[in-house]
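# Observations on chain architecture
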Amino acid sequence: MPTRFDADLDALSALLHGQPAYRIRQVWDGLYHRFAAPEEMTDLPKALRAEVEAALPPALELRAEQTADRGQTVKFLWALSGGATVETVLMHYRGRSTVCVSSQAGCAMGCSFCATGQAGFSRHLSTGEIVEQVVRAARHAVGQRAGAWSAVEGPERKGALNVVFMGMGEPMANYDATWAAVERLHGAVGISARHLTISTVGIIPGIRRLAAEALPVNLAVSLHAANDGLRNELVPINRKYPLGPLAAACRDYVATSGRRLSLEWALIDGVNDRTTDAMELAEFARPLRAHVNLIPLNPTPGYAVRGTAPGRVRAFATRLGDLGVNATVRQTRGTDIDAACGQLAAVAGARPAAPVATPARRRTEAGTHGAAASRT
C-alpha cells in the first residue's frame, strides 16, 4: 500500500476510483498546498475523508522531538515501516526556514567522522517518506494550524522554505526516490529549484544524472580533503570516484545547470585545517568557481578528533579568500541535541557508545599530504 505522499496524481486518481476529477484535485490540493491531514480537509465529504485516510496512511511515526537554540532548531525522530528510524532537522533563520531531510535510514558511505556513517546502512527511503518529512516539518513551522500554510506571511512562506538533502544517507545512492521527491516538492508543493539542494560525497554517476535533469537544483559536494591520499581516509568512496573525475563531473554540472557549486569542508583539528590544505582546496575550487562552506567538525562518539578551534576556522576562511576562493563559516546549530552536521544517528535520548575510529594521521605544517589530485 502506498503511503500518504508516495502516490502521484494518476495513482491518487486510481486509489480514489469513481471520484470526480474535482474531488481528486481537492485532495491533492489539501495534501500539497495546505499540508492538511485527511480529517482536516473539511471541503470534502466525511466519507471521502475517511476513504483518503484509509487509502493513504502516513509513513512517519513521530518517536521524539527535541529543540535547541531557543526553539530555532527542531529535530524529529521518525519510525518507518519495518522498524528503521530516521531524523529530520528544521532550522529557523531570519526570513527563512530550512528543512534538512534524510534520504536513507543509515548510510553505507562509511565516512569516519559522521555519526550516520558510523551506524551503517539500513534501507532506502521512498519518495513519500522523503516528501512527508518536509510536509511534517512545514506544518510544525506554522504551529500545525490546519490550512494555515497559504495564509502565512512570515518566514514559513513556501518562497522562504529551503529543503536540503543533507540528513541521513547519501541521496545519490537513492537517486530515483530522491529525484522524484525533488520533482514533487517543486511541482506539487511549489518550492523553487533554487531553494532545493542535493548533497553528495561525490557519487559521480549521480552528479552526471543530475546534470541531465531539466530542473536546475543546487549541488553541494562534501569534499573535506582535496588530495586523494587524505580523502581516501576521510571519505572512502573517493577510492572509487577520485578527485580528478569528480572535478570534471562538477564542472559539467555547473556548465549545464548554471548553478553555483558548493563544497562542504568539515574542519578537523590537525587533519585538514593547515595552510597546505587550504592551498589544495583553493586549487580544486577555483576552476569550478565553487563556494566553500566551512563547518567546524561536530563531535561524534566514534571519531576521536576535535573540530578546529574558532580562531583557526576564521584564519582558514581568510586564507581561502586570499587564494581567490569565496568561503563562509556555517553557523553550527543543534549541537546539544545531536542535530548538527554529521551528528544524525536516529536514536532517542543519549547516544550509545560507538567504536572509536582511528583518525587520519595528523601532520605537521611541513609534512606531505600524499599524491595531489589530478585535474581535468
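First, a word on scope: everything that follows refers to the structure included in this document. Predicted, not measured: the structure shown is a model, and the values here were computed from it.

Here is what the cut-offs are and how they apply
Residues numbered from 1 in each chain as written. Predicted model: local features only at pLDDT ≥ 70, side-chain atom pairs only at ≥ 80, totals over all residues. Heavy atoms only, no water. Axes fitted to C-alpha atoms, helices over the stretch in contact; angles between N-to-C directions. Helix = DSSP H or I, 4+ residues; strand = E, 2+ residues; numbered from the N terminus. Parallel < 35°, antiparallel > 145°, perpendicular 65-115°, else oblique. Left-handed = near helix turned anticlockwise from the far one by under 90°. Contact = heavy atoms within 4.5 Å. Nonpolar A, V, L, I, M, F, W, Y, C, P; charged D, E, K, R; others polar. Buried < 20%, exposed > 50% of the residue type's maximum accessible area, 1.4 Å probe, protein only. Lys, Arg positive; Asp, Glu negative; His and termini not counted. Salt bridge = Lys/Arg side-chain N within 4 Å of Asp/Glu carboxyl O. Polar contact = N/O pair within 3.5 Å; in protein donor to acceptor, adjacent residues only side chain to side chain. Expected span 1.5 Å × (residues − 1). Pairing = 2+ DSSP bridges. Right-handed = clockwise from strand over helix to strand, strands pointing away. Core = buried A, V, L, I, M, F, W, Y, C linked by side-chain atoms within 4.5 Å. Phe/Tyr/Trp six-rings, centres within 6.5 Å; stacked < 30°, edge-to-face > 60°.

Okay, the packing of helix α7 (residues 204-212) against helix α9 (residues 243-257) next. Contact geometry for α7 and α9: axes closest at 9 Å, N-to-C directions at 15°. With respect to their mutual orientation, α7 and α9 come out roughly parallel. For the crossing formed where α7 meets α9, the hand is left-handed. Between α7, through Ile204, Ile207, Arg208, Leu210 and Ala211, and α9, the contact on the second element is made entirely by Pro245, Leu246, Ala248, Ala249, Cys250, Asp252, Tyr253 and Thr256. Partitioning the contact of α7 with α9 into residue classes produces 10 nonpolar, 1 polar and 2 charged.

The next thing to look at is the side chain of Arg231. Note on placement: Arg231 falls in helix α8 (residues 228-234). Here Arg231 is buried and forms no salt bridge, its nearest opposite-charge partner Asp228 lying at an N-O distance of 6.4 Å. Here the side chain of Arg231 touches Ser222 through a polar contact of 2.8 Å, landing on its backbone oxygen. At a separation of 2.8 Å, a polar atom in the side chain of Arg231 contacts the main-chain carbonyl oxygen of Leu223. Dropping the residues within four chain positions of it, Arg231 is found in contact with Val201, Ser222, Leu223, Ala225, Pro236, Asn238, Tyr241, Leu243 and Leu246.

Take α9 next. End to end, α9 covers 21 Å across 15 residues, agreeing with the expected 21 Å (1.5 Å per residue, within 8%). Among the residues of α9, those classed as buried are Leu243, Gly244, Leu246, Ala247, Ala248, Ala249, Cys250, Tyr253 and Ser257. Looking at the buried side of α9, the elements it contacts are α7, β9 (218-222), α8, β10 (261-267) and α10 (275-285). Residue Gly258 follows α9 closely and has a positive phi angle near 75°.

One non-glycine residue, Phe35, lies in the positive phi region at around 50°. Residue placement: Phe35 occurs in the loop between α2 (21-32) and α3 (46-55). Judged by its relative accessible area of 2%, Phe35 falls in the buried class. Positive phi is not limited to glycine here, since Arg70 has a value of about 55°. Summarising the element assignment, Arg70 is placed in the loop between β1 (61-68) and β2 (73-79). By relative accessible area, which is 86% here, Arg70 ends up exposed.

Judged by how many residues are buried, β10 sits mostly within the fold: 7 of 7 residues are covered. Here β10 shows two buried faces, one formed by Leu261, Leu263, Trp265 and Leu267 and the other by Ser262, Glu264 and Ala266. Here 4 bridges tie β9 to β10, and the two strands are oriented parallel to one another. Across the sheet, Ala220 pairs through a bridge with Ser262, a residue of β10. Summarising the sheet, β10 and strand β11 (residues 291-296) pair through 6 bridges and their orientation is parallel. Bridge pairing in β11 links Ala266 to Ile295. Between β10 and its parallel partner β11, the chain crosses via α10, and the hand of that crossover is right-handed.

All right, on to the pattern of salt bridges then. Tallied over the entire structure, the rule returns 15 salt bridges. Here the salt bridges do not stand alone but share partners, grouping Asp269, Asp273, Arg274, Arg306 and Arg312 into one network.

On to the nonpolar core. Judged by nonpolar contacts, the single largest core of 107 residues is most densely connected at Val217, Leu223, Leu263, Val292 and Leu320. Top element by residues in this core is helix α6 (residues 175-189). It accounts for 8 residues. Other than its neighbours up to four places away in sequence, Leu320 contacts Ala278, Leu281, Ala282, Val292, Leu294, Val325 and Ala327.

Time to look at the sheet that holds β2. Taken in spatial order, the 10 strands line up as β1-β2-β3-β4-β7-β8-β9-β10-β11-β12 in an open sheet, and their pairing is mixed. Strand pairing shows two members of the sheet lacking a second neighbour, β1 and β12 (327-329), which therefore form its edges. Averaged over all pairs of adjacent strands, the angle between their axes in this sheet comes to 20°, without regard to strand direction. Bridging between β11 and β12 involves 3 bridges; their strand directions are parallel. Bridging from a neighbouring strand, Leu294 pairs with Val329 of β12. Across the sheet, helix α5 (residues 127-141) is in contact with β1, β2, β3 (85-93), β4 (96-100) and β7 (161-165); its angle to β3 comes to roughly 40°.

Describing an aromatic ring pair means giving the distance of the ring centres and the angle of the ring planes. According to the stated counting rule, one finds 5 aromatic pairs in the structure shown. Both rings, one in Trp28 and one in Tyr32, keep their centres 4.4 Å apart while their planes meet at 45°; by these two values the pair is tilted. With a gap of 4 residues between them, Trp28 and Tyr32 both fall in helix α2, about one helical turn apart. On the basis of relative accessibility, which here comes to 9%, the residue Trp28 falls in the buried class. Ring centres of Tyr175 and Trp179 lie 6.5 Å apart, and the angle between their planes is 15°; on these two criteria the pair is classed as stacked. One end of the pair is Tyr175 and the other is Trp179, both in helix α6 and 4 residues apart, which spans about a single turn. Comparing Tyr175 with Trp179 shows no difference in burial state: the two are buried.

Our focus in this paragraph is the side chain of Ser102. Of note, Ser102 is situated in the loop between β4 and β5 (104-106). Looking at Ser102, its side chain comes within polar contact range of the main-chain oxygen of Glu87, at 2.6 Å.

What is shown is where atoms sit, not what they do.
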